[in-house]
Every structure is written in structure tokens, then in C-alpha cells.
Amino acid sequence: MRPLGARPAERLAVEPDWPTTIRARFGDGLLQGTDGSVWLYRSVPLAPVAEARTAAEGLETAEPLLAVLDELAAATPVRWARRAQSRHTYRNVHALLVNLPERWSPPRDHPQADYLARQFPDTATYRRVVLFGVQLRASVGGGGGLRRAIDSVAETLVAGGTPLSDFEQDHREMAALSARCGLRTPSDDEVALASAWWNEGGTPDVPLLSEPDCLHVFTGPAAARQAKAAGTGADLSHIGGQHTITFAAVSDLALPYIAASDSRGQWVSELVTHGALVVSIRGKVEPAAVTRAELRRQRRRYLEDITESAGAGKMERAEQIEQEQILTDVEGAYALPGPPPTLVETTAVVGFNGYVADMNEISRWTTATLLPMHYRQRAALAETMLCSPVRANPHLQDLPAQTVAASGLPALSTVGDSAGALVGFTEHDRQPAWLDPMAATDGDSLPIAVAVAQTGGGKSLFMAWLANQLARQRTALGERTPVVVVDPKTDSDLSASFPDAQIASLDELVRSDGVFDPIRFAANPAVGVELAASMLMTVNPWGPRVEEYEATLQYALHHGVTHGARCTGEALRIAEADGEAPSEMVEAVFRVAKASPMFRSMFGVEPTTEGLRVAEGITLIKVGEAHLDLPAPGATIVPLPQRIAAAVVRMMVFGSAMALSGRDGVLMLDEAWVFMSAGRAEMERLGRVARQQRVFPALFTQRVTDALNAGLRGYISRGFIGPIEDPDEAQAACQLFKLEPTPERLERITSSATIGSGVSEAPNWNSMRALVDRGTRRVRRGSVWIYSDLANRAVPTEVLIPDEFLRRTSTNAAEMRARAA
């Protein structure tokens, strides 16, 4: 390839002649600049930082950048531990964050793309990419031998510049180094976005209007002509096809020498929160050995400067002590084994969305001190460009590597699966959060999910939104996803939340002979015997003699099934007739069956009756007029009717799961504490059944302490924490999902929806409850749930319920009255 001649650096340092500093792209993230430089860019993996389960997990996001800077420093030859003599060997690096707001649209291949697009027409999200670039070094011939070296020198003498082939060896080495550190080759879309972020990744060559303190970007000439006609300094907000960017220089970072895991170090995340569209960081990688030697040599001068400032009255005694302590801390950190490299001569430029009149207003709330870049707005834009030699920020800083790596630069609040039902949008970065019911099964993980929220916390509505979405989608078998919703509460009617559901009422089902009989619905005889024995032991018709019959009961059921029984009652009668079960044991069971229709729903006698069948779409199983007398949470003395009720709920769960067998179905259980209180064996059994039969169980409950005390944490792969008023339950929910129960996290979970009272009442934006205007019922913000996913991320996610769906399905008393009217 023909070499590229270099342009004078002094011209580029003012303003580029072209709308880009990229001369050519060669794939693999390899770019050539207009100044002849060659850079290799890599994409940095993004993950939650501020929302990490623990501070240590938040730091893991910084590891790829820390690793690549460490390796670059280790690969830098150091003959003298002096900065002046070693600076020419340092690598130039460039970290670029682009964060563009845009209107959200569902993926084109999503089965509900049109429906979701109609429901969320004006929902905002952000498109974010973080690239890390290394300027490559040429070696004569690119490591290709003597003949290639001669050709390289000849080409340089004839045409000037450096042949691209001379960078091949360094390209290979830097590509391998980046891969070892966890960076990946950027996609074409990522490179395009970073190359023209000011025009949303389109062409970089768009009209620009530079004012002293901001830059106007136009999507076409027509808008630019309108702006020109309006005159300098005119208000351009009424002109379509244009947007404003305000650039600022980071002049200082108000950071003591703190641990990398300290949230105070997330200065880039702070800038993004305040509207940064772009953050560009450039510097040179200095090995720690050089920095340590520089600190030792300069210590005396630093101390003299501090003392002089204090003596001149420019520094208080406390500040003098603080500065001396910072110097000691820095020296101590670089004296430890494995100190971090340093980014020297570092500059950082930030571009904010819109016009920012006073950078001090932002600096008040951020670690970074920002200064306006008057009459340098276009030069600031040029500094952010890939491969750019332009430096518009004169404020150079020397920063430890973790100050950049742990700054929140690679942070993105994202959670959930790649497809499925739309849970909502992450609270911080507005990324869509999906729930794929088969993701755990396909990933060989435990498929059970749990959603925890107090009564009135939005739990039934959340369940209805997920169920209705999933029922619209089709499984691999071509049918609409079968979803069974079990509502075991007496006098509860969730039918309004599931307007298209088939309703199955328990008071009708109990008239059927053993519709929930485990031997009848089990996928195989062994499972049926196991479940039937568990059900009968839970009900315990024998009182204090229960342990006496445990082994006999198991064998009797096995014997009956082996000899052709198709339900539990028939199995016991066969065993009794063959002398394998004592009559007093069998008769005790049948006496309960005669007295309790509820018990008969799970204890079949007639072999010809069919078990539960579930059609495609939603099936709601409710209690109806039946009286399901559930035991009180945590009760130790439970009478027979309540033992029967608890057993019925469990058999409803297993019966429904079996009815969904092999259909990629979904089972949702409200008041799930009744099921979870049965302990590890039942949860393990449900998980085993769900994995084998490709069923997704989702349990919704307001009590989680019982589950935690029963040691069920290891049986749940993912779930949601909603608003919980009880501090003990909130702490238990954090423990269930392995979240650090920090005071800030617990306060969010337990806070009420409003602060103040009467005329001074105002919405509490720190609360996770839905914020609803009392008078108009307008939703200001949906309820927030901490979504703990299969990738061990736990991110606050706003559940957005479309207005149309909310009007049809809400269980709020006022909204139900309005709907009835």
C-alpha cells in the first residue's frame, strides 16, 4: 500500500482541515490517521458498576482496562528510571466513551416488535460504546526479513511517510495483548458510531457552526442555512435538524488516593449522569518503576512547595497535613508489589448534550473540575476523534491507571436475557431488560425464579404484564406459550388482570376426581409415587403415628402403581388387597377423602378420570368460592384443614408443571411462600421437574424470610426484588439474591412512595414504589424492581406498564371502580 505523508502537527493542533482524522479503515479495528499514524482500537466490555452486587464485583468491570494498561507498561523498555529519558518509549493510548440518547425500538426479529413499538412509542434509551486505542509502532519491514526491510526503506525514501506493512508485527502483538486482557474487535457499527458520534454514527461530514462556548451540528445544509440567516448568537432551538454540544476540559480530579473499589472514583459515570455525550481520554502509559523513581526524586520539592504555601498563608495547617498524607499514600502505593502504571500527560475532554451555560454547576456535583473551552469547540471535537493528533485541552495530568479504569468508563446498567418478555428499562441507563423463560433451562441452570414484594407493591400487576407478553409469543412447537397462573388466595379474583385467560376455578375442580392427583399427572411412575407419598405425609391423616407409616406408605404406593394403578386411591386399595398395606393406614386416608372435597382434588379413586389439561395461552387457576384455609406464615402447629390446603397448593404447582410438560410453558404462582415453606425437598423437586419438562416456574411472594431460613437460596437462579416495607424482609431479600445489604440499598427498597403530607406531599424518587399522582392517577414513574439475572447482575429496573394495559388490568380499587363505571 502507498504510504501516507504526514501533515504539520502545528496545523492539526488548531483545527483539522477535514471532518475526520481517519484516513483509512482496514478491518480488525485497525485505523490510519490523516497524520500517518496507525492505531488499533478495541471494544471494552460493558457491565454494571454502581449497581454491582458488591463493591468488589463492581471493580471487576475495570479489570480489562487495568490488565491492558499493565501489559502495555510491562512491554515498555525502561533503560533509565527517569521520565525525561524514557518518555519517548511510552505508548500513546486513547479511551473513548460515546453515549447517545435515542428513541427505543424493539429488535426487528422480536415476535412482538410491532406490539411493543405501539405500546412504547416515545421511550428513550442510550446507545453506548467504549473503545480503547493504542498507537502502533513501525518496525522496518514489519518483521518480514531483510528483503522486506529493503523494500520498506526504498518506499519511504521515494514517497515519504511509513508503509502500512511496517506496522504488521506490532499489530499482531497488540491484537494478541488486547485479546488476553478481555478486549474484543469492535463491530463495524461501533467503529462507525465512534467515528462520527456527533452525527449519530452517520457521515462525519456535516455542517458545523462554532460559537465561542458551544458547537451546533446540523444534519443537512438546509438547517445550516436557516441558522446562518438567524445570525450569530441567535436562538436556534426552533430550527429542526440540529443539536448543540458544549465541550469542556477536565482540569483536575478532586480525588484523594482512594481504593479502586471506592465509588467516589467513578468520575466518568458522574459526567454521563450529567448529560455527557462523549468522554475522550488520551495519555501515555508509564511503567510504575519510573513513576516511583520520579516520586522519590521529587519528594523534597513537593514538601518544600507544601511548606511554602502554608507559610505564605495560602494553605491551612489541616490542608497541609492532608497534602502531606496524600503524598505519603501515593508513595506507599507505588512501593507495594505490583503497583499500577501511570497515564502521564493525560487530557480529558467532555462533550455535553445541549448548551451548558456554567460548567461550575456541573463541577459542584462531580469529582471532575470542568473548565469551558472558549473558542476551542471545534478543536475539542477534533480531540475526541479516533486517530486524532489534536490536543485542545492544555491541562495535563498524571493519573494512576485505576483512576481511568475504575472511573466508570466501562459502566453500563444492563440486565436480563437477550429475548423474551420486556420487563422494563434499567433505571440508570434505560437499557431494555428482557426475561426469556427458557434461558435457564437452555443454559443448564436452575430454572426457578422468585419475585418478592409486599402486598400493594405492584406484584400481581407485574405478574400479569409478564404473563400477557409471554402468552403472545410462540414456542418452538408453534403454539402460543402456555402460561398457568395459580392464585391460591381465598376471595381473590385476578381475572381482570388476565382478560384473555381461560379461567379454572378450584371450587369446580374439586368436584373432579383427583384432578391434581400426582400419580395421575406425573410424567413417570417413580415421580408420581414420590409426589403422592410427600402429599400424604404433608396432610398426615394418621396423627402421631405418621412416622410409623412412612416407609410402608412409600412401598404401598410403589406396589399399587407397579400393578397398574393410575391414581393414588387405587394404588392404596391394590396394596391393601395384596397384603402390602395395613388396612388401618389405608382407611385413615379414605376417611379424610370422604370428609374433604378439597383433599379429593388431589386424591383420585376412579382410574378413568383425566388429570389437569392446559391449553395454549393463559390459564388462570383461582380458588373461586372454595375455602382454601392456608396456614399462617411461620406457623408451627397446623390443623388438618390447613395441611390439606397447603398440600393442594403444592399439587396445583406440580400438576400445572406436568400439564406444561415439553411445551416450553410458564408456571406463575402467587402467594408462593406457601410452596416455599415446604422446604428444600419440594424446591429441589420442582427444579428437577422443571428442567426435565422444560417448564419455567416463577414464584411471587411477600415473604422471603421463610425461604431464606429454609436454605433455599441455592435453588433459585434469578428473580426480582420489589418494594418491601419490612426491613427484615428487605434484608432477607438481599441475602436471597446475594446482594450486599448496604444502608442505601435497604433504604431504597423500604422507602414509601411519598414524602411529607397534605399540601406539602411530594413524590419520593428514592422509593422503588410506583409514583402515581393521587388526583389524576397519572404514573410519574413505574415501580422499580432489582432484577437479579442469570449472569449474576442485579440492576434496578423500572417496570413500565403501558397505559392501555394498565387501564384494563389494574387491581387498584380506584381504578377498578373507574373501569366498572
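Values in this document were obtained by computation on a predicted structure and should not be read as measured data.

Colleague: Residue-level account of the overall build of the protein, with values.
Modeller: Of the regular secondary structure elements, the protein holds 32 helices and 27 strands. Structurally, the protein occupies a C-alpha span of about 105 × 65 × 60 Å along its principal axes. The contacts of the protein with a sequence gap of at least 6 include a subset with a gap of at least 24, amounting to 73%. Surface accessibility of the protein: about 35100 Å² in total, with carbon and sulfur atoms responsible for 50%.

Colleague: Lay out the packing of helix 22 (residues 568–577) against helix 23 (residues 583–595) with the relevant residues and their values.
Modeller: Orientation of helix 22 relative to helix 23, taken along the N-to-C sense of each, is 155°, at an axis distance of 10 Å. Here helix 23 runs roughly antiparallel to helix 22, going by the angle between their axes. Note on packing geometry: the crossing formed by helix 22 with helix 23 is left-handed. Between helix 22 and helix 23, the residues in contact are Gly569, Leu572, Arg573 and Glu576 and Ser583, Met585, Val586, Glu587, Val589 and Phe590, respectively. A class-by-class count of the residues in the contact of helix 22 with helix 23 yields five nonpolar, two polar and three charged.

Colleague: Provide a residue-level description of the packing of aromatic side chains, including the pertinent values.
Modeller: Scanning the entire structure with this criterion turns up 16 aromatic pairs. Ring pairs connect the aromatic residues Trp104, Phe120, Phe425, Trp434, Trp465 and Phe805, which therefore count as one cluster. The lysine or arginine in question, arginine 282, covers the ring of tryptophan 39, its NZ or CZ lying 5.7 Å from the ring centre.

Colleague: Can you explain helix 7 (residues 168–180)? Please cite residues and give values.
Modeller: Across its 13 residues, helix 7 extends 19 Å between first and last C-alpha, which sits within 8% of the 18 Å expected from 1.5 Å per residue. For helix 7, every residue scored as buried is listed here: Asp170, His171, Met174, Ala175, Leu177 and Ser178. Projection of helix 7 onto a plane perpendicular to its axis shows the buried side chains occupying an angular sector of 165°, all on one side. Seen from the buried face of helix 7, the exposed residues on the opposite side, beyond 90 degrees, are Ala179 and Arg180.

Colleague: Outline the pattern of salt bridges, listing residues and values.
Modeller: On inspection of all chains with the given rule, the structure shows 33 salt bridges. For aspartate 170, the salt bridge identified is with arginine 91, shortest N-O distance 2.7 Å. Here aspartate 170 is found in helix 7, whereas its partner arginine 91 is found in strand 4 (residues 91–103), with 79 residues between them in sequence. Of the residues examined, arginine 91 reaches a relative accessible area of 7% and is grouped as buried. The salt bridge partner of arginine 364 is glutamate 361, with a shortest N-O separation of 3.3 Å.

Colleague: I'd like a rundown of the confidence of the model for the protein, residues and numbers included.
Modeller: Put simply, the protein has an average pLDDT of 87, and 91% of its residues get 70 or more. Ranking the elements of the protein by mean pLDDT puts helix 1 (residues 9–12) last with 40 and strand 3 (residues 38–43) first with 98. Below a pLDDT of 50 lies the segment residues 1–14, which in the model reaches 32 contacts outside its immediate sequence neighbourhood of four places, other chains included.

Colleague: Provide a residue-level description of the side chain of serine 280, including the pertinent values.
Modeller: Its place among the elements puts serine 280 in strand 9 (residues 276–286). There is a polar contact of 2.9 Å between the side chain of serine 280 and the side chain of histidine 94. With near-sequence residues (within four places) excluded, serine 280 lies in contact with His94, Ala95, Leu96, Thr347, Ala348, Val349, Glu383 and Thr384.

Colleague: Residue-level account of the pairing of strand 8 (residues 242–253), with values.
Modeller: Across the twelve residues of strand 8, ten count as buried, placing the element largely inside the fold. Examined bridge by bridge, strand 7 (residues 214–218) and strand 8 share four bridges and lie antiparallel to one another. In the strand pairing of strand 8, valine 217 is matched with histidine 243. Note: strand 8 against strand 10 (residues 342–353), five bridges, orientation antiparallel. Bridged to threonine 246 within strand 10 is phenylalanine 352. One ladder, built from five bridges, connects strand 8 with strand 11 (residues 368–372); its direction is antiparallel. Each bridged residue has a counterpart across the sheet, and for aspartate 252 the counterpart in strand 11 is threonine 369.

Colleague: Go over the sheet that holds strand 16 (residues 483–487), please, and point to the residues and values.
Modeller: Taken together, eleven strands build an open sheet; the order of strands is 14-13-27-26-21-15-20-19-16-18-17 and the sheet is mixed. If you trace the sheet from one side to the other, it starts and ends with strand 14 (432–435) and strand 17 (502–505), each paired once. Neighbour-to-neighbour, the strand axes of this sheet turn through a mean angle of 25°, independent of strand direction. Helix 17 (residues 459–472) rests against strand 13 (421–426), strand 14, strand 15 (449–452), strand 16, strand 18 (618–622), strand 19 (665–669), strand 20 (695–701), strand 21 (718–721) and strand 26 (784–788) of the sheet, and its axis sits at about 125° to strand 13. Sheet strands in contact with helix 25 (residues 640–659) are strand 16, strand 18, strand 19 and strand 20, and its direction is about 170° off that of strand 19.

Colleague: Would you mind going over the nonpolar core in detail, with residue names and values included?
Modeller: Counting residues in each nonpolar core, the largest one holds 101 residues, and the members touching the most others are Leu536, Leu557, Leu572, Phe599 and Met602. Looking at this core element by element, the count peaks at 13 residues for helix 25. Discounting residues that sit within four places of it in the chain, leucine 572 has contacts with Leu536, Leu553, Ala556, Leu557, Met585, Val586, Val589 and Phe603. Within the second largest apolar cluster, 51 residues are counted, among which are Val93, Cys181, Val250 and Ala401.

Colleague: Provide a residue-level description of unusual backbone geometry, including the pertinent values.
Modeller: When glycine is set aside, most residues are seen to have a negative phi, and most peptide bonds are trans. You will see that glutamate 345, though not glycine, has its phi angle at about 50°, which is positive. Phi at cysteine 387 is positive, roughly 65°, even though this residue is not glycine. Tracing the backbone through its elements, the reader meets cysteine 387 in the loop between helix 14 (377–384) and strand 12 (397–400).

Colleague: Lay out the pairing of strand 7 in plain terms, naming residues and giving numbers.
Modeller: Counted residue by residue, strand 7 has five buried out of five residues, so it is predominantly covered. Burial along strand 7 is two-sided: the face carrying Cys214, His216 and Phe218 and the face carrying Leu215 and Val217 are both buried. Of the strand pairs in this sheet, strand 6 (residues 208–211) and strand 7 are connected by four bridges, and their pairing is antiparallel. Along strand 7, the bridge assignment pairs leucine 208 with valine 217. Once strand 6 ends, the chain turns through two residues before running back antiparallel as strand 7.

Colleague: Run through the environment of leucine 553, naming residues and quoting values.
Modeller: Within the fold, leucine 553 resides in helix 21 (residues 546–562). Overall, leucine 553 belongs to the buried group, its relative accessible area being 1%. Separated by 16 residues in sequence, leucine 553 and methionine 537 place their C-alpha atoms 8.9 Å apart. Not counting chain neighbours up to four residues away, the residues in contact with leucine 553 comprise Ala533, Leu536, Met537, Trp542, Leu572 and Met585.

Colleague: Go over the packing of helix 3 (residues 63–74) against helix 7, please, and point to the residues and values.
Modeller: Their axes nearest at 9 Å, the elements helix 3 and helix 7 cross at an angle of 140°. Relative to helix 7, helix 3 is oriented oblique. The two elements helix 3 and helix 7 meet at a crossing, and its hand is right-handed. For the pair formed by helix 3 and helix 7, the contact residues are Val68, Glu71 and Leu72 on the first element and Met174, Leu177 and Arg180 on the second.

Colleague: An account of helix 17 is requested, with residue identities and associated values reported.
Modeller: The terminal C-alpha atoms of helix 17, which comprises 14 residues, lie 20 Å apart, in line with the 20 Å expected from a rise of 1.5 Å per residue. In terms of burial, helix 17 is largely enclosed, as 13 of its 14 residues are buried.

Colleague: Please set out the side chain of aspartate 35 residue by residue, giving values where relevant.
Modeller: Looking at the element boundaries, aspartate 35 is found in the loop between strand 2 (30–33) and strand 3. Of the side chains with opposite charge, arginine 391 comes closest to the buried, unpaired aspartate 35, at an N-O distance of 7.8 Å. Reaching out from aspartate 35, the side chain makes a polar contact with the side chain of serine 37 at a distance of 2.7 Å.

What counts and how
Residues numbered from 1 in each chain as written. Predicted model: local features only at pLDDT ≥ 70, side-chain atom pairs only at ≥ 80, totals over all residues. Heavy atoms only, no water. Helix = DSSP H or I, 4+ residues; strand = E, 2+ residues; numbered from the N terminus. Contact = heavy atoms within 4.5 Å. Areas by Shrake-Rupley, 256 points an atom, 1.4 Å probe, with all protein chains shown as cover. Axes fitted to C-alpha atoms, helices over the stretch in contact; angles between N-to-C directions. Parallel < 35°, antiparallel > 145°, perpendicular 65-115°, else oblique. Left-handed = near helix turned anticlockwise from the far one by under 90°. Nonpolar A, V, L, I, M, F, W, Y, C, P; charged D, E, K, R; others polar. Phe/Tyr/Trp six-rings, centres within 6.5 Å; stacked < 30°, edge-to-face > 60°. Lys NZ or Arg CZ within 6 Å of the ring centre and 35° of its normal. Expected span 1.5 Å × (residues − 1). Buried < 20%, exposed > 50% of the residue type's maximum accessible area, 1.4 Å probe, protein only. Arc of directions from axis to C-beta. Salt bridge = Lys/Arg side-chain N within 4 Å of Asp/Glu carboxyl O. pLDDT = per-residue confidence, 0-100. Polar contact = N/O pair within 3.5 Å; in protein donor to acceptor, adjacent residues only side chain to side chain. Pairing = 2+ DSSP bridges. Core = buried A, V, L, I, M, F, W, Y, C linked by side-chain atoms within 4.5 Å. Lys, Arg positive; Asp, Glu negative; His and termini not counted.

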